[in-house]
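Single-letter residue listing:
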Amino acid sequence: MIWHSMLGQQCGFRDGDMERIYLDYGSSKPIDPRVLELVRRYLEHNYGNPSSLHSVGLEAKRALEEARAKIAELINGENERTIIFTGSATEANNLAIKGAALRNIGKGKEVAASTIEHISVLNSMKELQKNGFILNLIPVDSTGIVGLEKLDKALTKNTTVTSIMYANNEIGTIEPIREISKIVHDKGLYLHVDATAAAGYIPIDVQADGIDLLTLSSNDLYGPHGAGALYVKPGVKLQPVLLGGGQERGFRSGTENLFAIAGMGQAARIAKDEMSQEADRLKGVRDKLIKEILTIEGSYLTGHRTHRLPNHASFRFNHIEGESILLNMDMHNIQVSTGSACSSKTLEPSHVLLAIGLKHEEAHGSMVLTLGRSNKMEEIPTIVKAVEETVERLRKLSPLSK
Amino acid sequence: MDQIGYSKKVMEHFMNPRNVGTIEDPDGHGKVGNPVCGDLMEMFIKIKKEVITDIKFQTFGCGSAIATSSMVTELAKGMHVDEAMKLTRSDVASELDGLPPQKMHCSNLAADALHEAVKDYKSKKKTTGKGSKRPRKDSRQSKR
């Protein structure tokens, strides 16, 4: 805040504190105050190890199982035993893919994923590939929807794990998971679904959707960082990635991060209760935001217009670069995200934007807005004004907009 | 410790870049980078008696690409062309109180764009004889 007001004044912006408008809920969310209250209680008082047999340990064990049940409820898992806690969604993706592929190596050595999967999915798949597996990458169309015919063609009876995300974090596109599930189960063995971006925004029913393995993240549900979960359908064969004392029914060793897990459970309960109302509210904000931003010349929506997460609005702008957009918006105290190369550690533009067919120079100019609980309709004029100013200023600097 | 984020000076140049624009009929013009890579810089210079009297830039790129371009123009203004050729990327970066390691190539590009503009000026001078003779041919100059 100090940084913004100081630099804002130095750089000739309006003086005084600009109200923060946080539009990067996809990157990180604040913890829900109701969850925080519970988490604080666990940090202060419930220090037991769920593996200990004494009363303090049993109390911890009870909390762990309660959280498990709440998470199973959110996604309509068969029972609480279907939930395995991990340290993150990345870890859950690693466990699902490597764990299932290696455990079922006798059934085949082929795996498949869409080209727009999260990097933790793609890198897990690539590690398998290095170790002799065949990796089939399934292309998506220009809106980010997985090509069902291409999926059908790519899968064989040797395909043990196919990983397709419920919804994409960079372009917001929701995949037709039920149709995908049918194709996967006609041909191959297991469908893994990374639901990190989708959970809490759209209803997920692992049984009706036909999902074998599903990844969830605590923070993406407004829970604390440091917890993730993997749903494992009863009967699905998996081997652990982390070895040790055999916690989580042997699938994930390591003492459970109880406060984060309890927080994740509470966050899942709140998400289940409030999701539909919050999703409707955010859809309204999202649609207005998309409509207004697209009035800017040379601006385009990325991802699908309607098969889209209710909190997701992503764009690209001609002739300007995403990191500059991010920095300039931050000067208005509005936090956004970008798939530009300059903002990444690899200096490569987002693989998702390239996968939907954007040229490199187009992919550099992306801006991703992910809405959350604090965002309101009343913020839209301020946001749109800031985007207009940002685009106009950067285009004046750009040799491409001649 | 590696620098985290940008220095205040980088942000200040990013928000208020100096010498933005183009020069009609420049004595030297340099263009480096490629929109495919995410950075493209153009420099335009005016030279009088081997001194850079005016300089303008246009940049497509990230925050440090814009800030380093701005800084280079500020450093180069009033500089002898031979001195300008000696400006290095570390000169540019240190004038901006440093850059995150993965952004050092941006400062390289900005210095390169300036060098390309000076080289362009020198090659024009060679082929047209412009430059050393120009002051005498300049009508405004002879009126004084």
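Computed from a prediction, not measured in an experiment: that's the story for all the values here.

Thresholds applied
Residues numbered from 1 in each chain as written. Chains lettered and ligands numbered in written order. Predicted model: local features only at pLDDT ≥ 70, side-chain atom pairs only at ≥ 80, totals over all residues. Heavy atoms only, no water. Helix = DSSP H or I, 4+ residues; strand = E, 2+ residues; numbered from the N terminus. Buried < 20%, exposed > 50% of the residue type's maximum accessible area, 1.4 Å probe, protein only. Areas by Shrake-Rupley, 256 points an atom, 1.4 Å probe, with all protein chains shown as cover. Contact = heavy atoms within 4.5 Å. Buried area = accessible area lost by both parts, 1.4 Å probe. Salt bridge = Lys/Arg side-chain N within 4 Å of Asp/Glu carboxyl O. Pairing = 2+ DSSP bridges. Axes fitted to C-alpha atoms, helices over the stretch in contact; angles between N-to-C directions. Domains from an automatic or database assignment. pLDDT = per-residue confidence, 0-100. Phe/Tyr/Trp six-rings, centres within 6.5 Å; stacked < 30°, edge-to-face > 60°. Right-handed = clockwise from strand over helix to strand, strands pointing away.

Asker: Tell me about the overall build of chain B, and please be specific about residues and values.
Answerer: Counting its regular elements, chain B contains 7 helices and 3 strands. Scored against the burial criterion, the 144 residues of chain B give a buried share of 48%. Accessible surface, chain B as shown: approximately 6,900 Å² in total, 50% of it carbon and sulfur.

Asker: How would you explain the interface of chain B and chain A if you had to name every residue and give the values?
Answerer: Contacts between chain B and chain A engage 27 residues on the former and 27 residues on the latter. In total, about 2,400 Å² of surface goes out of reach between chain B and chain A, with carbon and sulfur atoms giving 68% of it. Among the residues chain B hides against chain A, the three largest losses belong to Lys8(B), Met15(B) and Phe60(B). Together they make up 26% of the total. Put simply, chain B and chain A have 1 salt bridge between them.

Asker: Outline the sheet that holds strand S6 (residues 190-194) of chain A, supporting the account with residue identities and numerical values.
Answerer: Residue and element names in this part refer to chain A. Across the sheet, which stays open at both edges, the 7 strands sit in the order S2-S8-S7-S6-S5-S3-S4 with mixed pairing between neighbours. Each edge of the open sheet is held by one strand with a lone partner, namely strand S2 (83-86) and strand S4 (134-138). Each adjacent strand pair in this sheet contributes to an overall mean axis angle of 20°, direction not counted. Two elements, strand S7 (residues 213-217) and strand S8 (residues 228-232), share 5 bridges in a ladder whose sense is antiparallel. Bridge pairing in S8 links threonine 215 to leucine 230. Along the sheet, helix H7 (residues 177-187) makes contact with strand S5 (159-163) and S6, crossing S6 at roughly 150°.

Asker: Describe the domain arrangement of chain A, with residues and values.
Answerer: Residue and element names in this part refer to chain A. Taken domain by domain, chain A holds domain 1 (2-32 + 275-397) and domain 2 (34-269). When each unit is reduced to the centre of its C-alpha atoms, the spacing between domain 1 and domain 2 is 29 Å. Residue-level contacts link 30 residues of domain 1 with 35 residues of domain 2. Here domain 1 meets domain 2 over a buried area of about 2,700 Å², counting both sides, of which 61% is carbon and sulfur. Looking only at domain 1, the three residues that lose the most surface to domain 2 are Lys29, Asp32 and Leu309, adding up to 25% of its buried area. There are 2 salt bridges connecting domain 1 and domain 2.

Asker: Would you mind going over the sheet that holds strand S1 (residues 28-34) of chain B in detail, with residue names and values included?
Answerer: Residues and elements named next belong to chain B. Read from one edge to the other, the open sheet built from 3 strands follows the order S1-S2-S3, with strand pairing classed as antiparallel. Lying at the two open borders of the sheet, with one neighbouring strand each, are S1 and strand S3 (51-60). Shown here is a sheet whose adjacent strand axes are inclined to one another by a mean of 15°, direction ignored. Pairing between S1 and strand S2 (residues 39-48): 7 bridges, direction antiparallel. Pairing of glycine 33 across the sheet is with leucine 40, part of S2. Its contacts with the sheet put helix H2 (residues 63-76) on S2 and S3, and the angle it makes with S3 is roughly 175°. Of the strands in this sheet, S1, S2 and S3 touch helix H5 (residues 104-128), which is tilted by about 145° from S1.

Asker: Lay out the confidence of the model for chain B in plain terms, naming residues and giving numbers.
Answerer: Note: predicted coordinates in regions of low pLDDT should not be interpreted at a detailed level. Residues and elements named next belong to chain B. Within chain B, residue pLDDT values average 86, and 86% of them lie at 70 or more. For the stretch residues 131-144, pLDDT sits under 50, and the model shows 7 contacts to residues farther than four places along the chain or on other chains. Interface confidence for the predicted complex, expressed as ipTM, amounts to 0.87; the pTM equals 0.91.

Asker: Describe the packing of aromatic side chains, naming the residues involved and giving the relevant values.
Answerer: Between two aromatic rings, the relevant description is the distance of the centres plus the angle of the planes. Residue and element names in this part refer to chain A. Evaluated as defined, the whole model comprises 3 aromatic pairs over all chains. With 5.1 Å between their ring centres and 75° between their planes, tyrosine 22 and tyrosine 25 make a pair best called edge-to-face. Taking relative accessible area as the criterion, tyrosine 25 reaches 3% and is therefore assigned buried. Put simply, the rings of Tyr22, Tyr25 and Tyr222 touch in pairs and so form one group of aromatic residues.

Asker: Describe the pattern of salt bridges, and please don't skip the residues or the numbers.
Answerer: Per the stated rule, a full pass over the model turns up 27 salt bridges over all chains. With a closest N to O distance of 3.2 Å, Lys125(B) and Glu50(B) form a salt bridge. Of this pair, Lys125(B) sits in helix H5 while Glu50(B) sits in the loop between S2 and S3; the two residues are 75 residues apart in sequence, bridging distant segments of the chain. Note on Lys125(B): relative accessible area 24%, which makes it partly exposed. Measuring nitrogen to oxygen at the nearest pair gives 3.9 Å for the salt bridge that ties Asp54(B) to Lys77(B). Here Lys77(B) lies in the loop between H2 and helix H3 (81-85) and Asp54(B) lies in strand S3, a separation of 23 residues in the sequence. In this structure, a network of salt bridges that share partners links the residues Asp32(A), Arg34(A), Glu274(A) and Arg373(A).

Asker: I'd love a proper account of the side chain of Thr196(A), names of residues and values included.
Answerer: Along the polypeptide, Thr196(A) turns up in the loop between S6 and helix H8 (206-209). Not counting residues up to four positions away in its chain, the partners in contact with Thr196(A) are Ala89(A), Thr215(A), Ser217(A) and Asp220(A).

Asker: Would you mind going over the pairing of S4(A) in detail, with residue names and values included?
Answerer: Residues and elements named next belong to chain A. Two elements, strand S3 (residues 110-114) and S4, share 5 bridges in a ladder whose sense is parallel. Counterpart to valine 111 in the pairing with S4 is leucine 135. Of the crossover connections in this fold, the one passing from S3 over helix H5 (residues 119-130) to the parallel S4 is right-handed.

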